[in-house]
Amino acid sequence: MNWENLEDTDQFIKPDGLVYSFKNYSSQTDKYGFQRDFKIYEADKVQNTPELEHLAKTDSGNQKQIHYNQTWNYFKELLTQTLHSEEGSQIYAKRKIDVEPVFGRLKSVFGVRRVHVRGKQAVATEIAFIFMSMNHTKLAKNLASKTFTYSKTTQCFFQLDCIQD
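Source: prediction; values computed, not measured.

In this section: the pairing of strand S5 (residues 65–68). Residues Ile66 and Tyr68 of S5 are buried on one face, while the alternating residues Gln65 and His67, pointing to the opposite face, are not. Where strand S4 (residues 35–43) meets S5, four bridges bridge the pair, whose relative direction is antiparallel. Residue Lys39 lies in a different strand from S5, and its bridge partner there is Tyr68.

What follows is the structure, given as structure tokens:
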């Protein structure tokens, strides 16, 4: 949030100058039975300008409110710190290289968006066939361009099964 937080007066100020002051605490239980605690901030009735006083009201004429979930923001900040740490940025950088291109190609080139069977074994078999066809496509392309070099190493396209030569 790009809003200024005044901790001493417990207020938020929007970038346009609209001031929200603390009103009360609220607790809600969602459909899964999880209880969420909020701090409710309400736009002040008296603002610096008449334009801001108009912006402080909803279409029905009530004061605008902010429901601030401290727990949610704590974990959001913790996740941001983890991702921006040295180890977290290295792990996140691997996502772009390892997994994302494979699934992007699977969806865009091969048109696979879901499996057509049920059960773990059946799904594993279908996925294995899909990856095998992806490997065969790459092999055919390499053979056609005659840039394919054969080496006696373990070849893995995706970590389902590896072929040892």
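Moving on: the pattern of salt bridges. Taken as a whole and judged by the stated rule, the model has four salt bridges. Among the ionic pairs, Asp10 bridges to Lys39, the shortest N-O distance being 3.3 Å. With a gap of 29 residues between them, Asp10 in the loop between strand S1 (4–6) and strand S2 (11–13) and Lys39 in strand S4 connect regions that are remote in the sequence. Given a relative accessible area of 10%, Lys39 falls into the buried group.

Between helix H4 (residues 100–108) and helix H5 (residues 120–145), whose axes approach to 12 Å, the crossing angle comes to 90°. Considering the angle they form, H4 stands roughly perpendicular to H5. Together, Val102, Arg105 and Leu106 of H4 and Ile130, Phe131, Met134, Thr137 and Lys138 of H5 make up the contact between the two elements. Residue composition of the contact of H4 with H5, by class: five nonpolar, one polar and two charged.

This paragraph deals with the packing of aromatic side chains. Taken as a whole and assessed by the stated rule, the structure comprises seven aromatic pairs. Pairing Phe22 with Tyr41 gives two aromatic rings, centres 5.8 Å apart and planes at 75°, and the pair type is edge-to-face. With Phe22 in strand S3 (residues 19–29) and Tyr41 in strand S4, the pair connects residues that are 19 residues apart, well separated along the chain. The exposure class of Phe22 is partly exposed, given its relative accessible area of 29%. Using a relative accessible area of 2% as the deciding quantity, one classes Tyr41 as buried. Measuring from ring centre to ring centre gives 5.0 Å for Tyr74 and Phe75, while their planes differ by 70°; the resulting arrangement is edge-to-face. Among the aromatic residues, those joined into a ring-pair cluster are Phe12, Phe22, Tyr25, Tyr41 and Tyr68. One Lys or Arg, Lys39, reaches over the ring of Phe22 and ends 5.2 Å from the middle of that ring.

A grouping of Tyr74, Phe75 and Leu78 is seen on the molecular surface, where their side chains present a nonpolar patch of about 330 Å² in accessible area. Relative to the elements of secondary structure, Phe75 occurs in helix H2 (residues 70–84).

One open sheet holds the five strands; their spatial order is S1-S2-S3-S4-S5, and the pairing between them is antiparallel. In the strand order of this sheet, the two ends are held by S1 and S5, each with one partner. Geometrically, the sheet is characterised by an average inter-axis angle of 35° between neighbouring strands, direction not taken into account. Note: S2 against S3, three bridges, orientation antiparallel. Counterpart to Ile13 in the pairing with S3 is Val19.

For the rest of this paragraph, the subject is the pairing of S4. Examined bridge by bridge, S3 and S4 share nine bridges and lie antiparallel to one another. Its bridge partner being in S4, Asn24 is matched across the sheet by Ile40. Linking two consecutive strands that pair antiparallel, namely S3 and S4, is a turn of five residues; a positive phi of about 90° is found at Gly33 within it.

Our focus in this paragraph is H2. If you check H2, its first and last C-alpha atoms are 21 Å apart, about what 15 residues at 1.5 Å a residue would give, namely 21 Å. Taking the backbone nitrogen of Thr71 as reference, a side-chain oxygen 3.2 Å away marks Asn69 as the first, capping residue of H2.

Rules used in this analysis
- Residues numbered from 1 in each chain as written.
- Predicted model: local features only at pLDDT ≥ 70, side-chain atom pairs only at ≥ 80, totals over all residues.
- Heavy atoms only, no water.
- Buried < 20%, exposed > 50% of the residue type's maximum accessible area, 1.4 Å probe, protein only.
- Helix = DSSP H or I, 4+ residues; strand = E, 2+ residues; numbered from the N terminus.
- Pairing = 2+ DSSP bridges.
- Salt bridge = Lys/Arg side-chain N within 4 Å of Asp/Glu carboxyl O.
- Axes fitted to C-alpha atoms, helices over the stretch in contact; angles between N-to-C directions.
- Parallel < 35°, antiparallel > 145°, perpendicular 65-115°, else oblique.
- Contact = heavy atoms within 4.5 Å.
- Nonpolar A, V, L, I, M, F, W, Y, C, P; charged D, E, K, R; others polar.
- Phe/Tyr/Trp six-rings, centres within 6.5 Å; stacked < 30°, edge-to-face > 60°.
- Lys NZ or Arg CZ within 6 Å of the ring centre and 35° of its normal.
- Patch = residues over 30% accessible without salt bridge, like charges linked within 9 Å, V, L, I, M, F, W, Y side chains within 5 Å.
- Areas by Shrake-Rupley, 256 points an atom, 1.4 Å probe, with all protein chains shown as cover.
- Expected span 1.5 Å × (residues − 1).
- Polar contact = N/O pair within 3.5 Å; in protein donor to acceptor, adjacent residues only side chain to side chain.

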